Amino acid sequence: MYEINRTAGIVNEGNDVRLQSAMRRACAGEKLTIGFLGGSITQGSLSTTPQTCYAYLVYSWWKENFPKADVTYVNAGIGATTSQFGAARVGEDLLSYKPDVVFLEFSVNDESNVHFLETYEGLVRRVLSDENAPAVVLIHNVCYDNGASAQLMHAKVGRHYELPSVSMQSSIYPELLAGRIENRAITPDDLHPNDAGHELVASVITCYLETVRERMETFSGQNEAVNPLPTPLTANTYEHSIRYNNKNGIPAEVEGFAKDTREQNGITDIFKNGWEASVQGAHIVFSLEGTGVSVQFRRSVNQPAPVAEILVDDDPATRIILDANFDETWGDKLDLLTVTEHMPKAVHRVEVQLIETHEDDVVPFYLNAILMAD
């Protein structure tokens, strides 16, 4: 493994009471669930096997260091998704497994702006306030060609909630800048690590875990009570956001949209549980409560594809075009667009309508879900 300054990656030690508590229970041989939520790096993109991605390597550290414990691994990573989607799906995709420790990784998926500061805070608060009171560790990945990361915004959340945070921008990236590690030795595309890159990412995380394990022997347990969360940094409208797909969303009106009844094969089988349409003028309407509206739909590399629009409360100012044609080569994208936010909390009319179709459309328009901010 390459030599890097792993301790430099510990950018915030935070309050490790929950983490030490989990480790003490692991020492006692109790059951422990280690969960991961993030994008394609967490999912394991470009690792040669699921067992060589950073998340599984970190899980393996728990297995090796606490052999008496019954440790379960839950990987809830979905490629090309942000903390905005994470906040809406974390309950179903991760918290339903009652994790004891949660690692959150969205710093190369979120943009570094105030919108994602709010969505990230909502996700963090949702996890911290879960009844199982899991320990939370923040992971800040980085683009290895230019150092891009949402770490600046995400770190504000980490400090505010006293959360342990580890950074690849502060540990791995400097070695590339100095020329001591070649980019292609650890990543083929300057974003997704290869096996060697995943091993480096895992080593930065486990370096922090080792420091906590060393402190664990002196842990008194006196501060083990879960403290109330501090006042939010943001408007915090995403903490209780909800994803409405065809499992829980009943259209108020529907014409030309058909419910997708195919069985979903795991959370990464992303184009399921939605509605599809292929005839111009087809529309679907929902009456949903909240303060903000976002829409998820498929953008396809198989073209041509239909074009739709979304409108909230018949207000032309909210009109957004949903172009299902995707000018990339890596595959179809589950796109998520924010239509409006910070409205008065009320029941809002949300309409999606096909406005352009083509005789030779290769795929129908696929509406995955409507997301409502609280």
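The structure displayed is predicted, hence computed values, not measured ones.

Procedures and definitions
- Residues numbered from 1 in each chain as written.
- Predicted model: local features only at pLDDT ≥ 70, side-chain atom pairs only at ≥ 80, totals over all residues.
- Heavy atoms only, no water.
- Phe/Tyr/Trp six-rings, centres within 6.5 Å; stacked < 30°, edge-to-face > 60°.
- Helix = DSSP H or I, 4+ residues; strand = E, 2+ residues; numbered from the N terminus.
- Buried < 20%, exposed > 50% of the residue type's maximum accessible area, 1.4 Å probe, protein only.
- Salt bridge = Lys/Arg side-chain N within 4 Å of Asp/Glu carboxyl O.
- Core = buried A, V, L, I, M, F, W, Y, C linked by side-chain atoms within 4.5 Å.
- Contact = heavy atoms within 4.5 Å.
- Patch = residues over 30% accessible without salt bridge, like charges linked within 9 Å, V, L, I, M, F, W, Y side chains within 5 Å.
- Areas by Shrake-Rupley, 256 points an atom, 1.4 Å probe, with all protein chains shown as cover.
- Lys, Arg positive; Asp, Glu negative; His and termini not counted.
- Charge placed at Lys NZ, Arg CZ, Asp CG, Glu CD.

S.K.: An account of the packing of aromatic side chains is needed here, citing residue identities and associated values.
M.R.: Under the counting rule described, the total for this entry stands at 13 aromatic pairs. Measuring from centroid to centroid gives 5.1 Å for Tyr56 and Tyr59, while their planes differ by 65°, and the two rings are edge-to-face. Of this pair, Tyr56 and Tyr59 both sit in helix H3 (residues 54–65), three residues apart, roughly one helical turn. Residue classification places Tyr56 among the partly exposed positions, given a relative accessible area of 24%. Taken together, a centroid distance of 6.4 Å and an interplanar angle of 80° make the contact between Phe271 and Tyr366 edge-to-face. With Phe271 in the loop between strand E9 (258–259) and strand E10 (275–277) and Tyr366 in strand E17 (residues 365–373), this pair connects stretches of sequence that are 95 residues apart.

S.K.: Describe the pattern of salt bridges, and please don't skip the residues or the numbers.
M.R.: This structure, assessed with the given rule, holds 21 salt bridges. Between Glu175 and Arg180 there is a salt bridge; the shortest N-O distance is 2.7 Å. Using a relative accessible area of 10% as the deciding quantity, one classes Glu175 as buried. Several salt bridges share partner residues, and in doing so they unite Arg89, Glu92, Asp93, Arg243 and Lys247 into one network.

S.K.: Could you give me a rundown of the nonpolar core, with the residues and numbers involved?
M.R.: Ranked by size, the top nonpolar core spans 46 residues in total, and within it Trp62 and Phe103 carry the most contacts. Going through the elements one at a time, helix H1 (17–27), strand E2 (31–38), H3, strand E4 (101–105), strand E5 (135–140), helix H7 (173–177) and helix H9 (195–216) are the ones with two or more residues in this core. Per-element accounting of this core gives the leading share, 10 residues, to H9. Apart from the residues lying within four places of it in its own chain, the contact partners of Phe103 are Ile34, Gly35, Phe36, Leu37, Val58, Trp62, Val137, Ile139, Ile205 and Leu209. Grouped together as the second largest cluster of nonpolar side chains are 27 residues, Ala305, Phe365, Leu367 and Met372 included.

S.K.: Tell me about a negative patch on the surface, and please be specific about residues and values.
M.R.: Together, Asp323, Asp327, Glu328 and Glu356 make up a region of like negative charge exposed at the surface. Within the secondary structure, Asp323 sits in strand E14 (residues 315–323).

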